[in-house]
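Understanding the architecture of this molecule
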Amino acid sequence: MSAKLEIRNLVKKFGGLTATNDVSFTIEPGQSVGLIGPNGAGKTTIFSQIMGEHPQTKGEILIDGKEISHLATPQRIHAGVSRTYQVPRPFSEMSVAENIRVGLMPDSIWDMITRGPNREREVEIASAIGLGEDQLERLPSELSMGDLRKLEMARTLATSPRLMLLDEVFAGLTVNEIAVISDLVQSMRDDGMTFLIVSHDLKALEPLVDHAIAINHGEVIAQGQYQDVMGSDIVRASYLGTA
Amino acid sequence: MNLRWHHFALWALFIVGMFALPQFVSNGTLRTMIFANFLAIFAISWDTLSGRTGYISFGHPFLIGIGAYTTAILTHRFDFPVEISIPIAVIATMVGGLIVLLPALRIKGSYFALVTLAMMELVYQLVQVVRPDLTGGTRGMSGLPTLTRGAANGYYMSVSLMLAIALSMWLIMKTRLGTALSAIGMNEEAVSGSGLSVTKLKMTAFLMSAFIAGLGGAVYIHYLGSIAPRALFDINFVFTIIVAALIGGAGTTIGPIAGAFFLTFLLEYLRPWLPGAERYMVYSGLALLIYMYQPKGMWALMTQATFKSKIRP
Amino acid sequence: MLQVLIQGLLLSGLYALIAVGFTLIFSVGRVLNLAYGAYLLIGGYAYFYFAQTLGMPKFAGVLMAGIFGCVLGLLKFQLIVKPLKGNHVAIEISTLILAVFLQSTVIFVFGDSSKILLPIIPGVERVAGAAIPFSNLFAAIASWIILLSLWWFVRSTHMGRAMQAVSMDAKGAAISGVDANRVNMFTWGLSGALGAIAGVFFASYTQLYPGMWVAPLIIAVAVVIVGGIGSIIGTLIVAHIVGFLEILTSAYIAPELRGVFTMLLIIVILVWRPSGLFGREEL
Ligand SMILES: Nc1ncnc2c1ncn2[C@@H]1O[C@H](COP(=O)(O)OP(=O)(O)OP(=O)(O)O)[C@@H](O)[C@H]1O
Ligand SMILES: [Mg+2]
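These figures come from a predicted structure and were not determined experimentally.

Definitions and cut-offs
Residues numbered from 1 in each chain as written. Chains lettered and ligands numbered in written order. Predicted model: local features only at pLDDT ≥ 70, side-chain atom pairs only at ≥ 80, totals over all residues. Heavy atoms only, no water. Donors = N, O, S within 2.8 Å, 3.2 Å for Na, K, Ca; no water. Helix = DSSP H or I, 4+ residues; strand = E, 2+ residues; numbered from the N terminus. Contact = heavy atoms within 4.5 Å. Buried area = accessible area lost by both parts, 1.4 Å probe. Salt bridge = Lys/Arg side-chain N within 4 Å of Asp/Glu carboxyl O. Polar contact = N/O pair within 3.5 Å; in protein donor to acceptor, adjacent residues only side chain to side chain. Nonpolar A, V, L, I, M, F, W, Y, C, P; charged D, E, K, R; others polar. Pairing = 2+ DSSP bridges. Axes fitted to C-alpha atoms, helices over the stretch in contact; angles between N-to-C directions.

Quick look at the coordination of the magnesium ion (ligand 2) now. All of the protein donors around the magnesium ion (ligand 2) are T44(A) (OG1) and Q86(A) (OE1); their distances to the metal are 1.8 to 2.2 Å. Here T44(A) is found in helix α1 (residues 43–50), whereas its partner Q86(A) is found in the loop between β6 (81–83) and α3 (96–104), with 42 residues between them in sequence.

Rendered as structure tokens:
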């Protein structure tokens, strides 16, 4: 159920811009780690390198000790890592149930054709994430921001990950919605899921993580216990914009 | 699979209706309907690739042409029987198309459209100059073996083929494969982010599309009994196929069929007033209006009107 | 040899002129305007109508062609491209439909058969066995002048820089106060006018007929794709590659194959290096 993630000396260049510079960290199985940093620090870019959407310029990414850099995104999903997107972009003309269905699909054309969708599993994931059965046939355009984020989580969860990368899961949510997603993350933690969570909402993040990694300008500036990282001068300074 | 009994009832009704038609209409109308059937086949083929996945093919006649030329050359120059040459033509279309266009499926959107367009023009030019002793060069070939005689038989053959293809595609698109293909059209990144190999899916869509195009193309020229490069590799032909699929409703099965019939009959009814190519003025003007107003086609317009459902424009 | 050189230069100049309007739209508006070929068609017929049917002076005919192209470009932007709001698939498809519409409108008005355009400047000069019609020479020189002034314009004027800004980053440009709508209008108008004028020259080089828009569209596409999106210099270089390729093919291999290498070039480059031979997206 849990996966270990090791990142070694990750460098990503977009033309002349260095989005991440020599980033290294390790997440032990079952740990929940917050990834924090100001806008443009390179948080999302770390995610897209882990998923292989924007392959790194240099460095290594290991899941459970195995290098995954040579794998395409779908294979990385099968290795047990999955992510949500900062801006939810669901399949816009598909119902909630169908969105989840895509996440549940096997990567075999033959299976797709010969076996029908697993309705129970769709309902199960939806309700685990707090989407009611009455919402299953809705289109994404009819959902609130909170429900869209839930759908994003549901689609990610459907791929049965052992390591989840959550990008700004609380952005644009009401206090109640934050509580729902927070509870969900808590209960998955209890089941052993490994998490790497990006959030600007530190109040919502704090109870969900034990460790934190702070980055700025693409470089790790502090990592360790959450409280220690948040207490360090350099992190405070970077948030106040003086570093 | 989300299949309901009334779906099958509607199909049964549709099939019975199509087969009963020759009793009620003139031979002239039947001949028009034969062309509509073939156009429907080509439009379904286009839709299987482009309508679902959003990879727009502007060179579909390239695929149709491989099928058509393969069987024409085999039967005309090497005296193959049609029963053998058509299956070979279908396989040639799938393999040939894949070799040429597989690299192109890696590239995105507009570029894919351009490669297919260039492909069609390339084949058009090559067919005329490379081995004209085989291809018949600019003039093409005539006197090819025909499959049927008489309007009614031609109609039964074309409508059976069209319905068989339509029903199979409808069934396949109802499965999760259909869902996955449409998902590519909406957000390719999220499909691979769901653990599905997008390349494999696109290839599957392409092979199905090529299968239909090759089969349709091969049977079509054995209905016509002749083949001519200018009529085949023609931007107006591409345009007719795409517009048939779009005007009816891309991403559906009934849409391309409806579009093909609508357009074929529109062209036919315009003939007394506008005998030449200027008929396309009405045709394209109408297509443009419908498309600008509702890119999802008449099918969506109708369902919108009936159910007032929220389909995004 | 000299003959090939001269013919290559003439044809390449014409191709550069054809491609440059397409480049503008592709880089500023980021849309694949498949109706671009129709500007050439409309331009050619407008010139035919005003200069030959009505007997207006030739210069006025070219001017009218430019005006027609410009208006067409503006209409297309306002009525099709803007309402579709950056939906690229929809824009490609609707511009294709529009092209067929314009083609059939031309057939409706002028008939199906091809027309002969009298040379804009009559006369032929013979150099080393190569016939150089003054018309073609004029077209090549005109296209060089137009291209160079465009290059200067984009680099040195306020509007030109605004176009560059929009081409690089539409959102960023909007934030820094560039009115993207105005820039787009201007670009579509300019592109239409350039396309229509190129159409006059192209039609007098080949012939004037309703289906004449497809070949130049593909040439424009080839030049832009191979040259790299939005690079005026790349456009110029590749227009010469394509032009010479065609002349060489028809001189030394077979005249019927002259288009084949252009097609192959597009396909290979697109698949192998989608950003083009001469790289990136600056004007
Ligand atoms: N595809 C891309 N091409 C070019 N530059 C990019 C790309 N993606 C990100 N960048 C740049 O890389 C840097 C890091 O971006 P990233 O999105 O990772 O930041 P972030 O920490 O997620 O910020 P935010 O809190 O705003 O989400 C930024 O300067 C951004 O502009
Ligand atoms: Mg981010």
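Another aspect to go through is the interface of chain A and chain B. As a measure of interface size, the accessible area lost when the parts come together is often cited. Contact with chain A, which involves 32 residues of that partner, is made by 25 residues of chain B. For the pair chain A and chain B, the summed buried area comes to about 2,700 Å², and 61% of that belongs to carbon and sulfur atoms. Counting the contacts that link chain A with chain B gives 1 salt bridge. Residues D107(A) and K200(B) are paired through a salt bridge, measuring 3.7 Å at the closest nitrogen-oxygen approach. On the surface where chain A and chain B come into contact, there are 8 residue pairs in polar contact (both at pLDDT 80 or more). Those elements that place two or more of their residues in the side of chain A that touches chain B are α2 (73–78), α3 and α4 (109–114) of chain A. For the side of chain A that touches chain B, the per-class residue count stands at 13 nonpolar, 9 polar and 10 charged.

In this assembly, 40 residues from chain C lie in contact with 36 residues from chain B. When the two sides are added together, the surface that chain C and chain B hide from each other amounts to roughly 3,500 Å², 83% of it contributed by carbon and sulfur. Along the contact surface separating chain C from chain B lie 0 salt bridges. Counting across the chain C and chain B interface gives 2 residue pairs in polar contact (both at pLDDT 80 or more). At 15 residues, helix α4 (residues 88–110) of chain C tops the list of elements feeding residues into the side of chain C that touches chain B. Of the residues contributing to the side of chain C that touches chain B, the split by class is 32 nonpolar, 5 polar and 3 charged.

Take the sheet that holds strand β2 (residues 17–27) of chain A next. Pairing between the strands of a sheet comes from backbone hydrogen bonds, and it takes one of two forms, parallel or antiparallel. Residues and elements named next belong to chain A. Strand order in the open sheet made by the 4 strands is β2-β1-β4-β5, with antiparallel pairing throughout. In the strand order of this sheet, the two ends are held by β2 and β5 (66–67), each with one partner. Packing against the sheet, α1 makes contact with β1 (5–14), β2 and β4 (58–63), and its axis sits at approximately 110° to β1.

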